[in-house]
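# Summary of the model geometry
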Amino acid sequence: MDDAAERLSEPRLLAFYDRLRDRIERAVTRRSRRLGKPVADALLLAPDLFVLLLRLALDREVPAPTRSLIGGALLYFVAPFDLFPEGVVGPVGYLDDAVLAASVLSRALGGELEAYASRYWSGRQELRQTLHDLTTSAHHLLGGQLFARLRRALARRGVSIPVSAPDEMAPEGPVGITTDYAYPVDPAFAGGFEDPGA
């Protein structure tokens, strides 16, 4: 088995899924007041999005180019250091992973594949609505700088994230991970991320 196949082996990824679900549920339970409902809800989608990516990547009936795109999203999920590194900020760092997964799946799931993917979906809400809600709230969830960086990275691979103006996605209460909109932030997450490409 080559290196890439080893990293995408089903037992390893399912073990990652179990650890991911446990870490996120504990973090949301401990920090739900500081995170706010939109962030907590988005984080809780991360494990279900991960397992959907996994199931589609391992299914040989999914077209190879789509599996390749989905495999890239899986690798992003398991990488400890990405645009919002969970290795540094903890489980809240899976926000960018969830947005990336929703964006990749939104692009990949067209025509026949959408109904097929819905069979694999283990989330509570309808899959298409979940993907729509997460991608359209991405700017609010991630903040301006992180959103812009993720949007540029995905655009290089032909994947887009809709841009929603901050006013359109105004939260019901104070939430956020960044100081872009002056929302209260857990001090552990307030370090900010500068875009080296800016």
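A short tour of the structure in this document, coming up. Computed from a predicted model, the values in this text were never measured in an experiment.

## Considerations on the packing of helix α3 (residues 37–58) against helix α7 (residues 112–120)
Between α3 and α7, whose axes approach to 9 Å, the crossing angle comes to 120°. On the basis of their axis angle, the class for α3 and α7 is oblique. The interaxial crossing formed by α3 with α7 has right-handed handedness. The segment α3 lies against α7, with Leu52, Arg55 and Leu56 engaging Tyr116, Ala117 and Tyr120. Per-class residue counts for the contact of α3 with α7 are 5 nonpolar, no polar and 1 charged.

## Quick word on the pattern of salt bridges
Overall, the coordinates contain 5 salt bridges when judged by the stated rule. Across the pair Glu25 and Arg21 runs a salt bridge whose closest N-O atoms are separated by 3.3 Å. Of the two residues, Glu25 and Arg21 both sit in helix α2 (residues 10–35), 4 residues apart, roughly one turn of that helix. A salt bridge links Asp41 to Lys37, with the shortest nitrogen-to-oxygen separation between them at 2.9 Å. With Asp41 and Lys37 both in helix α3 and 4 residues apart, this pair spans about one turn of that helix. On the basis of relative accessible area, Lys37 is assigned to the exposed category, the value being 59%. Here the salt bridges share partners, and the residues they tie into one network are Arg21, Glu25 and Asp48.

The rules behind these values
- Residues numbered from 1 in each chain as written.
- Predicted model: local features only at pLDDT ≥ 70, side-chain atom pairs only at ≥ 80, totals over all residues.
- Heavy atoms only, no water.
- Axes fitted to C-alpha atoms, helices over the stretch in contact; angles between N-to-C directions.
- Helix = DSSP H or I, 4+ residues; strand = E, 2+ residues; numbered from the N terminus.
- Parallel < 35°, antiparallel > 145°, perpendicular 65-115°, else oblique.
- Left-handed = near helix turned anticlockwise from the far one by under 90°.
- Contact = heavy atoms within 4.5 Å.
- Nonpolar A, V, L, I, M, F, W, Y, C, P; charged D, E, K, R; others polar.
- Salt bridge = Lys/Arg side-chain N within 4 Å of Asp/Glu carboxyl O.
- Buried < 20%, exposed > 50% of the residue type's maximum accessible area, 1.4 Å probe, protein only.

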